[in-house]
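# Structure assessment
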Amino acid sequence: MAWTRKILRIDLTSGTCTAEALNMAWAADYLGQRGLATKYLSEEVDPTCDALGPDNKLIMTTGPLTGTMASTGGRYSVVTKSPLTGLVACSNSGGFIGAEMKNAGWDMIIFEGKSPEPVYLYVENDTAELRSAAGLWGKSVWETDELLHKTHQDPLLRVACIGRSAEQGCLYAAVVNDLHRAAGRSGVGTVMASKNLKAVAIRGTKGVGNVKDPKGFMDAVRAGKQVLADNAVTGQGLPTYGTQVLMNVINGIGAMPTRNMREVQFDGAHKISGEAMHEPRKSDGKPNLTTNAGCFGCTIACGRISTVDRGHFSVENKPEYWGNSGGLEYEAAWALGSDTGVDDLDAITYVNFVCNEDGIDPISFGATVAAAMELFEEGAITTADTGGIDLSFNRADTLVKLAELTAKGEGFGKDIGLGSKRLCEKYGRPELSMTVKSQEFPAYDPRGIQGMGLAYATSNRGACHLRGYTVASEVLGIPVKTDPLATEGKAELVKAFQDATAAVDSSGLCVFTTFAWSMENIAPQVDAACEGDWSVDKMLEVGERIWNLERDFNMRAGMTADQDTLPKRLLKDAANVGPAKGRVNDLDKMLPEYYALRGWTADGQITPETRARFGL
Amino acid sequence: MRVRLELYASLMGYLPAGANRHATECELPDGSTAHELLDRFGVPRDKAHLVLRNGVFLHAPERDAPLLVDGDVIAVWPPVAGG
């Protein structure tokens, strides 16, 4: 079965913690994690509710393979309605807390209502209780983690919590677990703060033993691990260079969004790349990268553990930042670096530390700083607005200062915490916001990677690379190489990636396995663990059902199909250099075909036939 | 003709001593192929997964075609991915 069949429901208004049975009919249709929690959200929450009001719910959810011996089986997600986008939010994280939740005997924790005072949830196997967080409110993620470990005197306690940015209303605040891992996107941490919920601390010792076919599961898992080990990407590339190996690749093909996506190549890319993280510093001879790191059960270990040069201005006289901490992933390095024009590896590593320390999504933060820099350059923002800070592009000191202010919700950091769309609207230049459905772009310019334009425009959580990562095919040749500048066939490619990813995100596994695994490797692991028939076709059907359910939630929340678009800059202003020179994103050539493939109307509505096919 | 070779990730070890971070330049006869350039520096062809000529991906047959011209930049990666 792999599911524990148990949900923990927390009524924050009344302060009660109640166990209930998992809806297994829904599990059969939605598998777990992203899909199953979205089903609960869709059934229990009015999509038109105020995302930061008590009627919204926050769901922490595992997949059936979370906590098992499957490689990368440590994933969990936070599902809620997003305050950034007003749409469904599902943010996925690794680390260890997902497996801990499962080992404590829970598939899912549903938080509803709002606590009258700050609280945290303490779970030790079957015992669950809300405790006062009076001494934690106002503390950073790192301080909260340390205080909870001291309080409970248990070094194996796993903590997920919010930092000060969430408390101060930053609309893209994350829920950080295990100090350096985050359910990062769409402001799920802001929702948690709105409920006066500071942290979730879990200790689980039960194990995850209820697997349908133990021998079959071990065989499938062993075969899968061998594939990961033998694959050059998952066996060598990701452990050695992490996701940051992409910095030079994406820059090389001319799809590196630079200075608020005005340009498509960054001349400082080589200074902040995965390779640069290996280079010895002149000051102490040590590289930025100390070691790689893995989440629970992971045999890839793409995580980065880094240090900042102690002599760097960002950490001068701040010994608390001199040690090893969570280092740069590609998305963070891009947003903090290329998109702001900052090529100072130590500065962006420090800012990444601050993002972890106070629970800030570094993608949305960096992209919002980039928008602020362009507003400043255009004269829409002046030093009178910023408290004297010079917001010119390329300034590492500005980036550092804005991170510190946003972390604490102080000064101009309050404006940065609005996100790019609201910031640009506030200062009268909405066209300078590089967002889809109010969420900031990740690190691939859709003028140079055409399919990603369609993936962004149709993503159910706003601009996002992890809802349909066609970069794998269009740039990296996984599973097959397609032309990044072509539009033909991209509708089908995007849909295939979206559906498969939704299924993987509902399993408890990491989507990075799909650089080596196909669904032919994943389905047998799910099938051996879970009751029911989990063939490749069933997995893809479940993925497509989840996609339609998310779309349905968004439509009921008030989203319209005309929001399936991109900023005018990407549709009208051609790339100025590189292979994509002269190109815009040709979304209009892909979107109609995509709607048709989805079984939607020409104006993006889910048809009754499609609803019936998926039981919506 | 003069071309620039850029090697990334685990292929950086094939750069000659004194190369500038990722890049080196060399003289090649007119009509040379990308594979011949890789051979010049001992880069195993089977490790050259992504081969870009001026940012554009070269498919396998194109790597044996006499495409290179003066001023070309050939950038090469082993299998990599991220996200």
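Before reading further, recall that the structure is shown in the block above.
In this report, the structure presented in the accompanying data block is examined. (Residues numbered from 1 in each chain as written. Chains lettered and ligands numbered in written order. Predicted model: local features only at pLDDT ≥ 70, side-chain atom pairs only at ≥ 80, totals over all residues. Heavy atoms only, no water.)

## A short note on the overall build of chain A
Counting its regular elements, chain A contains 24 helices and 17 strands. Expected size for 616 residues packed as a compact globule is a radius of gyration near 25 Å; at 22 Å, chain A falls within 12% of this value. Here the C-alpha coordinates of chain A stretch approximately 60 × 55 × 50 Å along the principal axes. Counting every position in chain A, which comprises 616 residues, the buried fraction comes to 65%. (Helix = DSSP H or I, 4+ residues; strand = E, 2+ residues; numbered from the N terminus. Rg over C-alpha atoms; globule rule 2.2 N^0.38 Å. Buried < 20%, exposed > 50% of the residue type's maximum accessible area, 1.4 Å probe, protein only.)

## Observations regarding unusual backbone geometry
Most of the time, phi is negative for any residue but glycine, and the peptide bond is trans. Residues and elements named next belong to chain A. Cis geometry is found at the peptide bond from Ile478 to Pro479, where omega equals -5 degrees. Note that Pro479 resides in the loop between helix H18 (471-474) and helix H19 (490-504). Backbone geometry places Ala301, a non-glycine residue, at a positive phi of 65 degrees. Assignment of secondary structure puts Ala301 in the loop between strand E13 (289-293) and strand E14 (303-306). For Ala301, a relative accessible area of 15% puts it in the buried group. Within the chain, Lys437 stands out as a residue other than glycine whose phi angle is a positive 55 degrees. Looking at the secondary structure, you find Lys437 in the loop between strand E16 (435-436) and strand E17 (439-440).

## Thoughts on the interface of chain B and chain A
Counting residues at the interface gives 20 residues for chain B and 29 residues for chain A. Summed over both sides, the interface of chain B with chain A buries roughly 1900 Å², with 67% coming from carbon and sulfur. For the chain B face of the interface with chain A, the top three residues by lost area are Arg21, Ala81 and Gly83 of chain B, together amounting to 33%. Scanning the region where chain B abuts chain A turns up 1 salt bridge. Among the salt bridges present, the one from Arg21 of chain B reaches Glu279 of chain A, with a minimum N-O distance of 2.7 Å. Inspection of the region where chain B meets chain A yields 5 residue pairs in polar contact (both at pLDDT 80 or more). Listed by contribution, the elements that provide at least two residues to the side of chain B that touches chain A are strand E3 (50-53) and strand E4 (56-57) of chain B. Taken together, the residues that form the side of chain B that touches chain A break down as 11 nonpolar, 8 polar and 1 charged. (Contact = heavy atoms within 4.5 Å. Buried area = accessible area lost by both parts, 1.4 Å probe. Salt bridge = Lys/Arg side-chain N within 4 Å of Asp/Glu carboxyl O. Polar contact = N/O pair within 3.5 Å; in protein donor to acceptor, adjacent residues only side chain to side chain. Nonpolar A, V, L, I, M, F, W, Y, C, P; charged D, E, K, R; others polar.)

## A look at the state of the cysteines
All names here are of chain A. The tally for this structure, following the rule as stated, stands at 0 disulfides over all chains. You can see Cys161 has no disulfide; the closest cysteine sulfur is in Cys355, sitting 15 Å from it. Using a relative accessible area of 1% as the deciding quantity, one classes Cys161 as buried. No disulfide involves Cys355; its nearest neighbouring cysteine sulfur is the one of Cys170, lying 9.0 Å away. Residue Cys355 is classed as buried on the basis of its relative accessible area of 1%. (Disulfide = S-S within 2.5 Å.)

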